[in-house]
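Okay, here's what each chain looks like letter by letter:
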Amino acid sequence: MSKVLIIGATSAIAIACAREWAKEGTAFFLVGRNARDLDDVRADLAARGATAQTHVLDFAATETYPAVFEQCFAALGRVDIALIAHGSLPDQKQCEADADIAMREFMLNAGSVIRLLTLLAARMEPQKSGAIAVLSSVAGDRGRPTNYLYGSAKAAVTTFCDGLRAQLFKSGIHVLTVKPGFVDTPMTRGLPIPGILLAQPRTVARDILAALKSRKGVLYTPFFWRPIMWIIRMIPDGVFKKLNL
Amino acid sequence: MSDETLTSWGAYPHFPQSGHMCTWRSRLAENFADVVARHGTTLPFGKGRSYGDSCLAASDHVLSLRRLDRLISADWQTGTIVAEAGMTLADVLKVAIPRGWFLPVTPGTKFVTLGGAVANDVHGKNHHVRGTFGRHVRTFGLLRSDRGQVVCSANDDADLYAATIGGLGLTGIIEWVELQLIPIRSSQLTVTTVRFNTLDDFFALSDELDGKNEYTVAWIDGFARGASKGRGVFTAANHADTGDLSVAAGKNLAVPFHLPVLAAGGALPRLFNSLYFHKHAAHRRVDPTGYEPFFYPLDGIGHWNRLYGRHGFQQFQCVIPHKTAQPALQHILETTARSGGGSCLSVLKRCGDLASPGLMSFPMPGISLAMDFPQTNTLDKVVFPQLDSIVREAGGRLYPAKDAHMTAEDFRRFYPAWSRVEATRDPALCSRFWKRVTA
Ligand SMILES: Cc1cc2nc3c(=O)[nH]c(=O)nc-3n(C[C@H](O)[C@H](O)[C@H](O)COP(=O)(O)OP(=O)(O)OC[C@H]3O[C@@H](n4cnc5c(N)ncnc54)[C@H](O)[C@@H]3O)c2cc1C
Ligand SMILES: NC(=O)c1ccc[n+]([C@@H]2O[C@H](COP(=O)([O-])OP(=O)(O)OC[C@H]3O[C@@H](n4cnc5c(N)ncnc54)[C@H](OP(=O)(O)O)[C@@H]3O)[C@@H](O)[C@H]2O)c1
């Protein structure tokens, strides 16, 4: 019997993870902003033998966040695995032209995640067990001119999770920071990404499951992003400025 | 702007498609209307495992449905599933096998979608006992630009049901499919393998083994000449009674870019064919085999179509009625051998007499032959016209799912019901194939 909470349950990466977890006895609590799409995900997981309940959340209405966890813990009793997956890839040019858009995107990708994690950590702590996986990104490893708004939000998430991991370790709760490279999901649709760099959500999901099992702290997925990002971080500023990465 | 660029499996004719992605059923009607408003007409696209131009839109703008891959409901007591049309057979197997169910009919690759399997009314190695895929589809939901959502079955909207099975994606967008699975006790098969030396031996083996086996198929050496002409390997199988219900691990190899080792035809494929023949023992063998190597030997290598290089390849697949099959197949094999090219991969299979509910289903009682050729000019100009006339005279027909060359005249002779499909066609849907054969 495992109890799984997914926030951003309509994400392609989240669905791929959920399908790996789904079997007779798994109970899901699925949170997202669109009721019909959430119900499609619920039905898919139910047909795979799991039970699932949905909860519609308006991510801008932060005062409604506590109710997510009240209902989740009322439904599941406890949370063995929590996956935080929602996020958006904003248009960097738009963010440069309009500070309101920039802050709205930052609030979604960093602010809402930190708020949700803060509430979740307090609820999970007394359990003294369980795991939290958070979808950050390789983009958070260094701000690049083409997407530094998104990158800075993911950097905030990554750093927050570093601290949360050390904090919750004392309570026996594991925190996994997931840093995918490019994944073939609606988020990357239309982007000119070379085929060999584009991972399938299923591949990323398998890596996430394995990392949770081995209690890894930070996961680069697919693995080759770890050396790629190491190189990108090593490029001296003087050179980096001139590259249009 | 489109979401992805797509091609057919054979990559010939080469018309890259702009794919417009649909991710949620709740948005399908909107996505459909959007593409049509901007590009006039479109065509549903599954996984592009069709070889020629039947999966290419006349407008070169397709509606990509691979993300509609969810189960809607499943009854594991009766083995009935309802799933979105973009779910692949590979994904169906993953959930069905551990629960003791299997696909009622499967083509030679599992990377096809339910929608594509219905639209081409695909057949498998068990055609002689189960007929085509469409026979196992109870109902499906169709989205039409003129009527909205329609639920079709043999009883409801029966004309549309019949026109859509084998309807080449022209009668509407299949949103979901209700499929009846078959029970299995093990995911293993008991496979009988026999080498044969002549086409006559193939017919004798087919007579002997088809009745005793759920699945039969034969590979034939497309390069063999003289004394070895007509040699091949016959395989026949049944689901095993004992064993486990394990799902095979996914593919591990892939051809990363165009690597045209088969493009030139000639020496290498000749060698492969010969090695394959000699790999099998001369005497009859019975072995337990996993379902993966038996049904999907080519799926183990991702993108193997790239071995034919940039110019792509064509498959020629025909079915010839029993009474003319022997001489016609002999004639076809001789003609291809004489042309110097030879087929890199040739497969023979007996089709049974179970009728499909579809109007334009390919199989007919007789023998089907499929052959793969690297794309060359002589193929279209010299070889295929000769093969076509053999098929025509023998009363057979060609398979649209594999076709890039059939003439409009031949098509209308092979599929006289085409005009009924044309009458029910969704005005917002049209393929390059359809334009070519009905123009
Ligand atoms: C290695 C290999 C082996 C094969 N073996 C066999 C075999 O043994 N027997 C056999 O019959 N075929 C075989 N095929 C052909 C293949 O099964 C068919 O071409 C199949 O239809 C491909 O499905 P797809 O999802 O890739 O569809 P696509 O190729 O993308 O599309 C095929 C057709 O289906 C339509 N379509 C797709 N989705 C929908 C939808 N949701 N609603 C309405 N129309 C839709 C398209 O418009 C198009 O006309 C084989 C192909 C390969 C590559
Ligand atoms: N794809 C990649 O290449 C990639 C790489 C690195 C990291 N990631 C991260 O992985 C996570 C999952 O993304 P994915 O690739 O699976 O993409 P996806 O399928 O597009 O999922 C995005 C998810 O975020 C939700 N979302 C988007 N905008 C929202 C908003 N304004 N308010 C509330 N929810 C919103 C979506 O909900 P709806 O379904 O309702 O739109 C969906 O659940 C994200 O955090 C992303 O940053 C992705």
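Right above here is the structure, for reference.
Rules used throughout
Residues numbered from 1 in each chain as written. Chains lettered and ligands numbered in written order. Predicted model: local features only at pLDDT ≥ 70, side-chain atom pairs only at ≥ 80, totals over all residues. Heavy atoms only, no water. Helix = DSSP H or I, 4+ residues; strand = E, 2+ residues; numbered from the N terminus. Rg over C-alpha atoms; globule rule 2.2 N^0.38 Å. Buried < 20%, exposed > 50% of the residue type's maximum accessible area, 1.4 Å probe, protein only. Areas by Shrake-Rupley, 256 points an atom, 1.4 Å probe, with all protein chains shown as cover. Lys, Arg positive; Asp, Glu negative; His and termini not counted. Charge placed at Lys NZ, Arg CZ, Asp CG, Glu CD. Polar contact = N/O pair within 3.5 Å; in protein donor to acceptor, adjacent residues only side chain to side chain. Contact = heavy atoms within 4.5 Å. Near = heavy atom within 4 Å. Nonpolar A, V, L, I, M, F, W, Y, C, P; charged D, E, K, R; others polar.

Undergrad: For the overall build of chain B, give the residues involved together with the corresponding values.
TA: In terms of regular secondary structure, chain B is built from 13 helices and 21 strands. The C-alpha atoms of chain B give 21 Å as radius of gyration, which agrees with the globular expectation for 439 residues (22 Å, within 12%). Projected onto its principal axes, the C-alpha positions of chain B cover 60 × 50 × 45 Å. Split into buried and exposed, the 439 residues of chain B put 61% on the buried side. Accessible surface computed for chain B: about 16,600 Å², of which carbon and sulfur atoms make up 54%. Mean positive and mean negative side-chain charge positions of chain B (45 and 40 charges, respectively) differ by 4 Å.

Undergrad: Before we move on, can you summarise the side chain of E84(B) with the specific residues and values?
TA: Topologically, E84(B) is positioned in strand β6 (residues 80–84). Here the side chain of E84(B) touches D69(B) through a polar contact of 3.2 Å, landing on its backbone nitrogen. The residues touching E84(B), leaving out its near neighbours within four places in the chain, are D40(A), R25(B), R67(B), L68(B), D69(B), R70(B), I72(B), L114(B), E175(B) and W176(B).

Undergrad: Now, about the site of ligand 2: what can you tell me, with residues and values included?
TA: Residues and elements named next belong to chain A. In the vicinity of ligand 2, 25 residues are found, and the nearest of them are T10, A12, Y150, V183 and T185. Between an oxygen atom of ligand 2 and a side-chain N or O atom of T185, the distance comes to 2.7 Å. Bound to the protein, ligand 2 loses 87% of the 880 Å² it would expose on its own. Elements that contribute at least two residues to the shell around ligand 2 include exactly α1 (12–21), α6 (148–169) and β7 (182–183). Per-class residue counts for the shell around ligand 2 are 12 nonpolar, 11 polar and two charged.

Undergrad: Would you mind going over the site of ligand 1 in detail, with residue names and values included?
TA: Residues and elements named next belong to chain B. In the vicinity of ligand 1 there are 34 residues, among which P44, R49, S50, T113 and Y399 approach most closely. Between ligand 1 and P44 there is a distance of 2.6 Å, counted from an oxygen atom to a backbone nitrogen or oxygen. Between ligand 1 and I174, the relevant distance is 2.8 Å, taken from a nitrogen atom to a main-chain nitrogen or oxygen of the residue. Protein chains bury 95% of the 970 Å² of accessible surface belonging to ligand 1 in isolation. Mapped by element, the contributors of at least two residues to the shell around ligand 1 are β3 (44–45), α3 (114–119) and β10 (173–180). The element contributing the most residues to the shell around ligand 1 is α3, with three residues. The residue inventory of the shell around ligand 1, partitioned by class, reads 18 nonpolar, 13 polar and three charged.

Just distances and angles here, no functional claims.
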